[in-house]
Amino acid sequence: MTHYEAMEALGQVTIYDVLEKDEQDQPTFIVGDKVHVAITPESDYEAYTYLEAYFPIVLKKPGEIEEILPKNQYRVNFAGQVQIMRAHELTF
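In short, a report on the structure. This is a predicted model, so every value here is computed, not measured.

### Some details on the overall build of the protein chain
On a plain count of helices and strands, the protein chain comes out with four helices and five strands. When its helices and strands are written in sequence order, the protein chain yields α-α-β-α-α-β-β-β-β. By residue count, 25% of the 92 residues in the protein chain fall in the buried class. Restricting to contacts in the protein chain with at least 6 residues of sequence separation, those with at least 24 account for 50%. Summed over its atoms, the accessible surface of the protein chain is roughly 6600 Å², and 54% of this surface lies on carbon and sulfur atoms.

Quick look at the structure:
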């Protein structure tokens, strides 16, 4: 059993569990939706810089939702580059 599995078994929650408690059961997007990354240097400089350095296509191309994951996350295909994104990081 990994550390994360042990913490989950004990009922340990993450900050995302607390912040998005009401949104967990209601997905914002559906499979097949065309989306863009909503992250800007002003909104989240660290995340934007990371994406710009390692995955620039994610910032430049629209993506398509491939799968809805738990905790309001989505598997998004950006022109062949698949990324796991949270709902607040995406926009139509």
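What follows continues from the structure just given.
### Re the nonpolar core
The biggest cluster of nonpolar side chains holds 14 residues, and the ones touching the most others in it are Val37, Ile65, Tyr74, Val76, Phe78, Met85 and Leu90. Listing elements by their share of this core, those giving two or more residues are strand E1 (34-37), helix H3 (45-54) and strand E3 (73-78). At three residues, the largest contribution of residues to this core is made by E3. Setting aside anything within four residues of it in sequence, one finds Val37 in contact with Leu51, Val58, Leu59, Phe78, Met85 and Glu89.

### As for the side chain of Glu89
Counting through the fold element by element, Glu89 comes out in the loop between strand E4 (81-86) and strand E5 (90-91). For the buried residue Glu89, which engages in no salt bridge, the nearest side chain bearing the opposite charge is Arg86, 6.2 Å off. The residues touching Glu89, leaving out its near neighbours within four places in the chain, are His36, Val37, Ala38 and Ile39.

### Regarding the packing of aromatic side chains
If you walk through the whole model with that rule in mind, you get two aromatic pairs. Relative to Tyr54, the ring of Tyr50 lies with its centre 5.2 Å away and its plane at 45°, an arrangement referred to as tilted. Here Tyr50 and its partner Tyr54 are both found in helix H3, four residues apart, which amounts to about one turn of the helix. For Tyr54, a relative accessible area of 58% translates into the label exposed. By the ring-pair criterion, three or more aromatic residues cluster together here, those being Tyr50, Tyr54 and Phe55.

Cut-off values and rules
Residues numbered from 1 in each chain as written. Predicted model: local features only at pLDDT ≥ 70, side-chain atom pairs only at ≥ 80, totals over all residues. Heavy atoms only, no water. Helix = DSSP H or I, 4+ residues; strand = E, 2+ residues; numbered from the N terminus. Buried < 20%, exposed > 50% of the residue type's maximum accessible area, 1.4 Å probe, protein only. Contact = heavy atoms within 4.5 Å. Areas by Shrake-Rupley, 256 points an atom, 1.4 Å probe, with all protein chains shown as cover. Core = buried A, V, L, I, M, F, W, Y, C linked by side-chain atoms within 4.5 Å. Lys, Arg positive; Asp, Glu negative; His and termini not counted. Salt bridge = Lys/Arg side-chain N within 4 Å of Asp/Glu carboxyl O. Phe/Tyr/Trp six-rings, centres within 6.5 Å; stacked < 30°, edge-to-face > 60°.

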